[in-house]
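The lines below spell out each chain.
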Amino acid sequence: MLGWRMKRKTVTTRKGFRILLRKVSLSDIPQIYNIESVSFKDPYPPSLLETLATLNKDTFIVAEYNKKIVGYVIGVLRWDVIGHIINIAIHPDFRRKGIGEVLMREVMAALKKKGATMFRLEVRVSNIPAQCLYERLGFQKVGIISNYYSDGEACYVMVKRDP
Ligand SMILES: CC(C)(COP(=O)(O)OP(=O)(O)OC[C@H]1O[C@@H](n2cnc3c(N)ncnc32)[C@H](O)[C@@H]1OP(=O)(O)O)[C@@H](O)C(=O)NCCC(=O)NCCS
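This text gives an overview of the structure that appears in the document. (Residues numbered from 1 in each chain as written. Predicted model: local features only at pLDDT ≥ 70, side-chain atom pairs only at ≥ 80, totals over all residues.)

1. A few points about the overall build of the chain
Secondary structure assignment for the chain yields four helices and eight strands. Its helices and strands taken in sequence order, the chain reads β-β-α-α-β-β-β-α-β-α-β-β from the N to the C terminus. Radius of gyration (C-alpha) of the chain: 15 Å, near the 15 Å computed for a compact globule of 163 residues. Dimensions along the principal axes, computed over C-alpha positions, put the chain at roughly 40 × 35 × 35 Å. Scored against the burial criterion, the 163 residues of the chain give a buried share of 29%. Contacts in the chain between residues at least 24 apart in sequence constitute 60% of all its contacts with a sequence separation of at least 6. (Helix = DSSP H or I, 4+ residues; strand = E, 2+ residues; numbered from the N terminus. Rg over C-alpha atoms; globule rule 2.2 N^0.38 Å. Buried ≥ 20, exposed ≤ 12 C-beta atoms within 10 Å, placed from the backbone. Contact = placed C-beta atoms within 7 Å.)

Okay, structure coming up:
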């Protein structure tokens, strides 16, 4: 199968915001970690982000605005058919501009090109913004895993089948 061919592409979000999408490179990790730290209670450490960038070059996608990274999404293909979206974050100053939606659509397209026929993710039960985004994209809650996060919070498991 052909690899995912996007090099760099400019996209206008549903809210009229223009961003550039491209695959991650290792030099992006400090900026990504900065967004990660302000977005999560339990941020992925830079070493893990580096490993994910190395192993998932085609499905770790960043969004740039004015040459700065403003968001990213990380997808992992599991068992050849499941597109697992393991992380997405947008810098707080750039939320609600449609960037999360664009990144989700882009990573699902990239995972689909690699063979994914369904998508899966986990989300904190308290994370209403993310749940709204995923439901808007057609994800459904199919389960709950108690004590999933290190602080004891449960997650919803959400899935979307590719139509
Ligand atoms: C969740 C997150 C990635 C959304 O990114 P975003 O770029 O702000 O999302 P978008 O602008 O593309 O929003 C698309 C839709 O999602 C829903 N949504 C997004 N943020 C929302 C919020 N705060 N409250 C309610 N709905 C929200 C809305 O339906 C929105 O459409 P609308 O703005 O026309 O109402 C962002 O809030 C974030 O980075 N949060 C911190 C990290 C995080 O929680 N990641 C998810 C881990 S599972």
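Past the structure itself, the notes keep going.
2. Quick word on the environment of I82
For I82, the position within the fold is in strand 5 (residues 82-90). Each C-alpha atom of the pair I82 and Q131 lies 20 Å from the other, and the pair is 49 residues apart in sequence. When residues no more than four places from it in sequence are discounted, the contact partners of I82 are A116, M118 and R120.

3. Overview of the site of the ligand
Among the 19 residues in the neighbourhood of the ligand, the closest are listed as R95, G100, E101, P129 and C132. Those elements that place two or more of their residues in the shell around the ligand are strand 5, helix 3 (99-113) and helix 4 (128-136). Among the elements that make up the shell around the ligand, the one with the highest residue count is helix 4 (six residues). Looking at the shell around the ligand, its residues break down into 10 nonpolar, four polar and five charged. (Near = placed C-beta within 6 Å. Nonpolar A, V, L, I, M, F, W, Y, C, P; charged D, E, K, R; others polar.)

4. Here we look at the pairing of strand 3 (residues 60-65)
Where strand 2 (residues 18-23) and strand 3 come together, four bridges link them in antiparallel fashion. Across the sheet, the residue bridging to K23 is I61, located in strand 3. Bridge count for strand 3 against strand 4 (residues 68-78) is six bridges, and the pairing is antiparallel. The residue of strand 4 that forms the bridge with V62 is Y72. Where strand 3 folds back on strand 4, the antiparallel hairpin that results is connected by two residues, among which N66 adopts a positive phi of roughly 50°. (Pairing = 2+ DSSP bridges.)

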